[in-house]
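One-letter residues, chain by chain:
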Amino acid sequence: SSGINAEYGDGVYTFSYPCERKEDCLVCSREVREMSRGRQDTLQNLLEYLSEEHTLQNPIITTVTAVGETRTVYMAGIGQLKDNVDKKLTELDLVDGQEIVVTDSILKSPVRFKLKFED
């Protein structure tokens, strides 16, 4: 961030401050976060977790498959993807260690999670 101080007879002075980041900030951290879930958890459980723990309102969840294709797992406005909410994460072909990307209207940039199955 920066600021400008104008003194009309003497000139214009500017200040510049370095940006600071909190390592655990959901928005400005670029780290992949580990997310522990049970193998029996459904997509609905995951959506509730994102809503409660990270205050996301309308998340969109995507992932990259083993062959490198980007696949949308959930998007509220898409009818056929809404049917995924009752499916187990494993039924959606999500595996232990797979990275999922979550976007939401309240986030400045996408957040990456590494899925870790507990059981």
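Residues numbered from 1 in each chain as written. Predicted model: local features only at pLDDT ≥ 70, side-chain atom pairs only at ≥ 80, totals over all residues. Heavy atoms only, no water.

## Quick word on the side chain of Thr62
Within the secondary structure, Thr62 is located in strand E4 (residues 60–64). Setting aside residues up to four positions removed in sequence, Thr62 forms contacts with Thr70, Arg71, Thr72, Val73, Ile100 and Val101. (Helix = DSSP H or I, 4+ residues; strand = E, 2+ residues; numbered from the N terminus. Contact = heavy atoms within 4.5 Å.)

## Looking at helix H1 (residues 43–54)
With twelve residues, H1 should reach 16 Å at 1.5 Å per residue; the first-to-last C-alpha distance of 16 Å fits that figure. Every buried residue of H1 is accounted for by Leu43, Leu46, Leu47, Leu50 and His54. Axial view of H1: buried residues confined to an arc of 100 degrees, hence all on one face. Away from the buried face of H1 by more than 90 degrees, exposed residues Glu52 and Glu53 are located. Looking at the buried residues of H1, the elements they touch are strand E3 (33–37), E4, strand E5 (70–74), strand E6 (99–103) and strand E7 (111–117). Backbone geometry just after H1 places Thr55 at a positive phi near 50 degrees. (Expected span 1.5 Å × (residues − 1). Buried < 20%, exposed > 50% of the residue type's maximum accessible area, 1.4 Å probe, protein only. Arc of directions from axis to C-beta.)

## Topic: the pattern of salt bridges
Evaluated as defined, the whole model comprises two salt bridges. Two residues, Asp41 and Arg37, come together in a salt bridge whose shortest N-O distance is 3.0 Å. Across the pair, exposure class does not vary: Asp41 and Arg37 are buried alike. Two residues, Arg112 and Glu99, come together in a salt bridge whose shortest N-O distance is 3.0 Å. In this pair, Arg112 sits in strand E7 while Glu99 sits in strand E6, placing the two residues 13 residues apart along the sequence. Its relative accessible area of 33% is what places Glu99 among the partly exposed residues. (Salt bridge = Lys/Arg side-chain N within 4 Å of Asp/Glu carboxyl O.)

Honestly, it's all geometry; don't read function into it.
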